[in-house]
Amino acid sequence: MRRFALLVLSFISLSGLPAPAADERVVDVFGWSDYVDPRVLEDFTRKTGIRVFYDTYDSDAALLTHLMLARGDYDVVVPSGPVLRRAIAAGLLQKLDRQRLPNASNLSPQIMARLAIDDPGNRYAVNYAWFTLGIAFDADKARARLGGELPDSWDVIFNPEILKKFADCGVEVLDDPQDLFAIALIALKLDPNTRDWNDLRRAADLLSALRRNVKKFHSSEYINALANGDICLAVGWSGDAALAASRASEADNGINIGYAIPKEGSVIALDNLAIPEGAPHLSAAYAFIDFLLRPDVAARNVAATGFASGVAGAKALLPATAQAIYPDAETMKHLYSVGGRDPELQEFIEREWTRIKAGK
Ligand code: N2P
């Protein structure tokens, strides 16, 4: 529908000239919400003449379902590691032609090595952003409930006695089975990449206790809910916590949002750029991905979103305050990369997650 309207418009505007090759004029992107500086998209259009349609989702499931059911809708998608692994296995993505991505030489070899866990040989994707999972909180309300301390342990989430102290001011948790199982395993001092059914059952039991103190399982609403004071505690992603903090300070509402990577360790996760099979505007897709891999462009996205970039040169272009988005070397030692799991384990995790959220 949308594309139809656009083609009609360009036909009218060119009054009689043949319509331009659709391939060159438009790029349809399906990406995470709050994940790009809108001015970057405008600049891309100014430089290339290619208009960007950026539709958003906020869960792995939404992207995977779309890739499986609606072939040919999008040119660029932003899959997490687990989605990437499944989409590659199902033949839903194109191998990237590196000749068409000269700026891929800017990518950090360390981050691309982590990405190879889900995309062996780095054939189907390049990194867009990486981040940690942690606890985001209203600092004043957290201190009032933790005897003057700030959250620094997964106990705040997984010990029901502690979590219930936050129930009155509101707790939200990401609706992300992959990440929540990983942190439950870390909290249990088990391997977050375990293939052991017993380990996964123990993680499911731990997660089951969350329901009664959690207001909502959702992966994007918590940003504004924290910034507005509607909730005081969230299991969230690092960049979203930074965004909540900057929205609260812009609103000047007296709310101070903090973020902690718990001392037991946490997950480092990657979102990546890939081109679906059947993408209708292939040249535009390559041009768009290559633009995002420019260090100056990547730095602008980091500053706007609070998420670190896989483009190595981006960090040095940021002001010192924004460089703090990148975890220091000591913190990095306690961050685990969790690869996509075997299908039967993945199905168990997803089934259990549905049960946990329903409080059954
Ligand atoms: C953006 C969240 C993206 C991180 N708001 C999760 N993949």
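What counts and how
Residues numbered from 1 in each chain as written. Predicted model: local features only at pLDDT ≥ 70, side-chain atom pairs only at ≥ 80, totals over all residues. Heavy atoms only, no water. Near = heavy atom within 4 Å. Polar contact = N/O pair within 3.5 Å; in protein donor to acceptor, adjacent residues only side chain to side chain. Areas by Shrake-Rupley, 256 points an atom, 1.4 Å probe, with all protein chains shown as cover. Nonpolar A, V, L, I, M, F, W, Y, C, P; charged D, E, K, R; others polar. Domains from an automatic or database assignment. 1 Å grid on protein atoms, 1.4 Å probe; cavity = no way out; pocket = protein on both sides within 12 Å on 5 of 7 lines; lining within 4 Å. Points joined across faces, edges and corners; volume = space filled by probe spheres on them. Helix = DSSP H or I, 4+ residues; strand = E, 2+ residues; numbered from the N terminus. Contact = heavy atoms within 4.5 Å. Buried area = accessible area lost by both parts, 1.4 Å probe. Salt bridge = Lys/Arg side-chain N within 4 Å of Asp/Glu carboxyl O. Buried < 20%, exposed > 50% of the residue type's maximum accessible area, 1.4 Å probe, protein only.

### Here's the deal with the site of the ligand
Okay, step 1: The immediate surroundings of the ligand are formed by Trp 32, Ser 33, Asp 34, Tyr 35, Phe 131, Trp 237, Asp 240, Asp 271 and Phe 307.
Okay, step 2: With respect to the ligand, the side chain of Asp 271 contributes an N or O atom lying 2.6 Å from a nitrogen atom.
Okay, step 3: For the ligand, whose free accessible area comes to 270 Å², the fraction covered by protein is 98%.
Okay, step 4: Residue classes in the shell around the ligand are distributed as five nonpolar, one polar and three charged.
Okay, step 5: Each of domain 1 (7–124 + 269–327) and domain 2 (131–265 + 334–358) contributes no fewer than three residues to the shell around the ligand.

### Comments concerning empty space enclosed by the protein
Okay, step 1: Within the structure shown, the criterion is met by five cavities of 30 Å³ or more.
Okay, step 2: The volume enclosed by the largest cavity comes to roughly 240 Å³.
Okay, step 3: Every residue lining the largest cavity is counted, 23 residues in all, and those nearest its centre are Gly 81, Pro 82, Ala 269, Leu 270 and Val 338.
Okay, step 4: Mapped by element, the contributors of at least two residues to the lining of the largest cavity are α5 (81–89), α6 (109–115), α10 (177–187) and β9 (266–273).
Okay, step 5: Among the elements that take part in the lining of the largest cavity, β9 stands out by supplying five residues, more than any other.
Okay, step 6: Taken together, the residues that form the lining of the largest cavity break down as 12 nonpolar, five polar and six charged.

### Some remarks on the domain arrangement of the protein
Okay, step 1: Domains assigned within the protein are domain 1 (7–124 + 269–327) and domain 2 (131–265 + 334–358).
Okay, step 2: One C-alpha centre belongs to domain 1, the other to domain 2; they are set 27 Å apart.
Okay, step 3: Contacts between the two partners involve 20 residues from domain 1, matched on the other side by 22 residues from domain 2.
Okay, step 4: Between domain 1 and domain 2, a total of about 1700 Å² is buried, with carbon and sulfur atoms accounting for 53% of that surface.
Okay, step 5: Sorting the residues of domain 1 by area buried against domain 2 places Asp 34, Ala 269 and Phe 307 first, and these three jointly supply 30% of that buried surface.
Okay, step 6: Remark: the boundary between domain 1 and domain 2 carries two salt bridges.

### Regarding unusual backbone geometry
Okay, step 1: At Asn 122, a position not held by glycine, the phi torsion is positive, near 50 degrees.
Okay, step 2: Along the chain, the position of Asn 122 falls in the loop between α6 and β4 (126–138).
Okay, step 3: Even without being a glycine, Lys 189 presents a positive backbone phi close to 60 degrees.
Okay, step 4: For Lys 189, the position within the fold is in the loop between α10 and α11 (197–208).
Okay, step 5: Looking at Lys 189, the relative accessible area reads 69%, which means it is exposed.

### Description of the layout of surface pockets
Okay, step 1: Considered as a void within the structure, the largest pocket measures approximately 310 Å³ in volume.
Okay, step 2: Forming the walls of the largest pocket are 18 residues, and the residues nearest its centre are Asp 60, Ala 61, Arg 86, Pro 177 and Glu 350.
Okay, step 3: When contributions to the lining of the largest pocket are tallied by element, the ones reaching two or more residues are α4 (60–69), α5, α10 and α18 (343–358).
Okay, step 4: Across the lining of the largest pocket, the residue classes tally to seven nonpolar, five polar and six charged.
Okay, step 5: Counting the residues that make up the lining of the largest pocket, at least three belong to each of domain 1 (7–124 + 269–327) and domain 2 (131–265 + 334–358).
Okay, step 6: Empty space within the second largest pocket amounts to approximately 270 Å³.
Okay, step 7: Around the second largest pocket, the lining is made up of 20 residues, and of these Thr 132, Ser 238, Tyr 259, Ala 324 and Ile 325 lie nearest the centre.
Okay, step 8: Contributing elements (two or more residues each) for the lining of the second largest pocket: β4, α13 (238–251) and β8 (257–260).
Okay, step 9: At five residues, the largest contribution of residues to the lining of the second largest pocket is made by α13.
Okay, step 10: The class makeup of the residues in the lining of the second largest pocket is 13 nonpolar, six polar and one charged.
Okay, step 11: Each of domain 1 (7–124 + 269–327) and domain 2 (131–265 + 334–358) gives at least three residues to the lining of the second largest pocket.

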